[in-house]
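# Architecture and fold: a report
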Amino acid sequence: MSTEAFPPLKNDLLLRAARGEKVERTPIWIMRQAGRYLPEFHKVRKNHSFFEVCRTPELACELTLQPIDRYGTLLDGSIIFSDILVIPQALGLDVQMVEGRGPVFTDPLVTPADMSRLSKNVDVEKELGYVYKAITLTRHKLEGRVPLFGFIGAPWTLMAYMIEGGGSKTLSKAKSWLWKYTTESHELLQRVTDVAVEFLVGQVRAGAQLLQVFDSWAGELSPYDFKQFSLPYIKQIATRVRQQLADEKLPDVPMVIFAKGAWYALEDLTDIGYNVVSLDWTIDPEYARKVTQDKVVLQGNMDPTVLYGGDEAIRETATRMVHAFGKDGKHIANLGHGILPTVDPEALRIYLETIQKVSSELKK
């Protein structure tokens, strides 16, 4: 499907807010909004494996549209249905999504010698072209209702998965590499970064209108180690992606960084080339505004578990959050992490409605 002549965008609120422009209300989208909390998601998933859905543009598109169809004008953005682990797959590692366990690498990296199993020259178009096709198809099917996010996992988070072989409470295997095999760790992070840059540019080429980098395990690093093993690579991604977009005369799309748990790095994250810094729920919005000095747009950050707390708790917490980011604050509303799989979709509706109502009144 052609990337020519996408339908015109009818709601550009999220794009304007992401660029730091003054907006009439706070835009909102939700991490993992195309996901397991929706009954319609399970109808599609019961006949297809997780990565089969990711690799089938029509199915990925269908899941991306589900929350937009359900919530209508309550959502101001969509995010392509995919997974951060498609980059390790492109590098040659086998990843399975196992029910009840999450992602499992059948043969993770144990020592640097295992890096010889990774593809040296990844043909990103060949390995991940299905994501591009899904993005292009979704841009057409959205019919301009809301803008579309593309995304990647950050190099440190992906490296950690590739070594741990899946989720981990301590990340002891991955973190031990940082000290035992420092040079090789940097080499691995650089190889992931090179693929990530190309993949993000390809997503914009395919039609993505914003990009988010998920550093889900940033907070597992000390401030010193974050500066050594994460920050240089997420900075490099922003710099190189922008340069390549300019070289190819592609749109200079807003970029978001979400370094979960890295509250200590807020100041560092403010001036490395991202328009938006996403906050988890452990960061006070007023503190974040003070540290970032309103140089970037802030995104977030209600605790996702509040959605289990009943309508009153949701309304109260959402209202307090909107006021904490302030009348003149640059803010995109979201949760402090992805929506949890057992949340009632109607609880999310209350959150979306409250953000719209309260922010419209506040910004009058």
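To keep things clear, this report deals only with the structure shown in the data block.

### Thoughts on the packing of helix α9 (residues 182-206) against helix α11 (residues 231-247)
Between α9 and α11, the least distance of the axes is 9 Å, while the angle of their chain directions is 35°. Between α9 and α11 lies a crossing whose hand is right-handed. Residue-level contacts link His186, Leu189, Gln190, Thr193, Asp194, Ala196, Val197, Leu200, Val201 and Val204 of α9 to Tyr233, Gln236, Ile237, Arg240, Val241, Gln244 and Leu245 of α11. Taken together, the residues of the contact of α9 with α11 sort by class into ten nonpolar, five polar and two charged.

### Digging into α9
Compared with an ideal rise of 1.5 Å per residue, which puts 25 residues at 36 Å, α9 spans 36 Å between its outermost C-alpha atoms and is within 8% of the ideal. Within two residues after α9, Gly207 carries a phi angle of roughly 130°, on the positive side.

### Brief notes about unusual backbone geometry
The linkage connecting Gly300 with the following residue, Asn301, adopts the cis geometry, with an omega of 0°. Its place among the elements puts Asn301 in strand β8 (residues 297-302). One non-glycine residue, Glu143, adopts positive backbone phi at about 55°. Along the chain, Glu143 falls in the loop between α6 (124-142) and β4 (148-153). Although it is not a glycine, Asp294 sits at a positive phi angle of roughly 60°. Take Asp294: it is sitting in the loop between α13 (285-292) and β8.

### Brief notes about the packing of aromatic side chains
Under the definition given, this model contains eleven aromatic pairs. Measuring from ring centre to ring centre gives 5.8 Å for Phe226 and Tyr264, while their planes differ by 80°; the resulting arrangement is edge-to-face. Here the residue Phe226 occupies a position in helix α10 (residues 223-229), and Tyr264 occupies one in the loop between β6 (255-259) and α12 (266-270), the gap between them amounting to 38 residues. With a relative accessible area of 0%, Phe226 lands in the buried category. Following the ring pairs from residue to residue traces out a cluster consisting of Phe41, Phe50, Phe51 and Phe81.

### Brief notes about the pattern of salt bridges
Side chains carrying opposite charge are able to pair once their charged atoms draw close together. Applying the stated criterion to the full structure yields 19 salt bridges. Here Asp12 ties to Arg16 by a salt bridge, and the two come within 2.9 Å at their closest N and O atoms. Looking at Asp12, the relative accessible area reads 34%, which means it is partly exposed. With a shortest N-O distance of 2.8 Å, Asp194 and Arg240 are connected by a salt bridge. Of this pair, Asp194 sits in helix α9 while Arg240 sits in helix α11, and the two are 46 residues apart along the sequence. Residues joined in a network through salt bridges with shared partners are Glu40, Arg70, Glu346 and Arg349.

What counts as what
Residues numbered from 1 in each chain as written. Predicted model: local features only at pLDDT ≥ 70, side-chain atom pairs only at ≥ 80, totals over all residues. Heavy atoms only, no water. Axes fitted to C-alpha atoms, helices over the stretch in contact; angles between N-to-C directions. Helix = DSSP H or I, 4+ residues; strand = E, 2+ residues; numbered from the N terminus. Left-handed = near helix turned anticlockwise from the far one by under 90°. Contact = heavy atoms within 4.5 Å. Nonpolar A, V, L, I, M, F, W, Y, C, P; charged D, E, K, R; others polar. Expected span 1.5 Å × (residues − 1). Phe/Tyr/Trp six-rings, centres within 6.5 Å; stacked < 30°, edge-to-face > 60°. Buried < 20%, exposed > 50% of the residue type's maximum accessible area, 1.4 Å probe, protein only. Salt bridge = Lys/Arg side-chain N within 4 Å of Asp/Glu carboxyl O.

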